[in-house]
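# Structure at a glance
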Amino acid sequence: GELQPGEVVYCHAPPGYSTYGADGRPRICRVEKPVYGMAQAGRRWQRSLFPWLREWAFKQCESDPCVFVAERSISG
């Protein structure tokens, strides 16, 4: 997924990296691209997946907007 224009996300330094700067304050990182495992990763995936599902004629359920249904006829 991608961050939206103007969207800024910060996180703590990952394990193995120095967690405190030279000034003794906790170090944070600015996220360039969301990755799997981040709190925001699911939303980024949703922004990519939902338009694709709609493009392929899947219908979004009104009762649960995370569920999509495709009706297909089987010709024999």
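Just so we're clear, the structure is a prediction, and the values are computed from it rather than from any experiment.

### A word on the overall build of the protein chain
For the protein chain, the count of helices and strands is one helix and four strands. Taking all 76 residues of the protein chain together, the buried fraction comes to 16%. Put simply, of all contacts in the protein chain between residues at least 6 apart along the chain, 28% involve residues at least 24 apart. Element-wise, carbon and sulfur atoms account for 56% of the exposed surface of the protein chain, whose accessible area totals about 6,600 Å².

### Quick word on the pattern of salt bridges
Under the counting rule described, the total for this entry stands at two salt bridges. Note that Arg-47 is salt-bridged to Glu-7, the shortest N-O span being 3.4 Å. Taken together, the positions of Arg-47 in helix H1 (residues 41-55) and Glu-7 in the segment before strand S1 (10-12) put the pair 40 residues apart, joining distant regions of the chain. Classification of Glu-7 as partly exposed rests on a relative accessible area of 24%.

### Some remarks on unusual backbone geometry
Comment: phi is negative for the bulk of residues other than glycine, and the bulk of peptide bonds are trans. Of note in the backbone geometry, Ala-57 takes a positive phi value of approximately 70 degrees without being a glycine. For Ala-57, the location among the structural elements is in the loop between H1 and strand S3 (59-60).

### Quick notes on the environment of Glu-2
Structurally, Glu-2 can be placed in the segment before S1. Assessed through its relative accessible area of 48%, Glu-2 is described here as partly exposed. With 42 residues separating them in the primary sequence, Glu-2 and Arg-44 have C-alpha atoms 6.3 Å apart.

Cut-offs used in this document
Residues numbered from 1 in each chain as written. Predicted model: local features only at pLDDT ≥ 70, side-chain atom pairs only at ≥ 80, totals over all residues. Heavy atoms only, no water. Helix = DSSP H or I, 4+ residues; strand = E, 2+ residues; numbered from the N terminus. Buried < 20%, exposed > 50% of the residue type's maximum accessible area, 1.4 Å probe, protein only. Contact = heavy atoms within 4.5 Å. Areas by Shrake-Rupley, 256 points an atom, 1.4 Å probe, with all protein chains shown as cover. Salt bridge = Lys/Arg side-chain N within 4 Å of Asp/Glu carboxyl O.

Function cannot be inferred from these measures alone, as they are strictly geometric.
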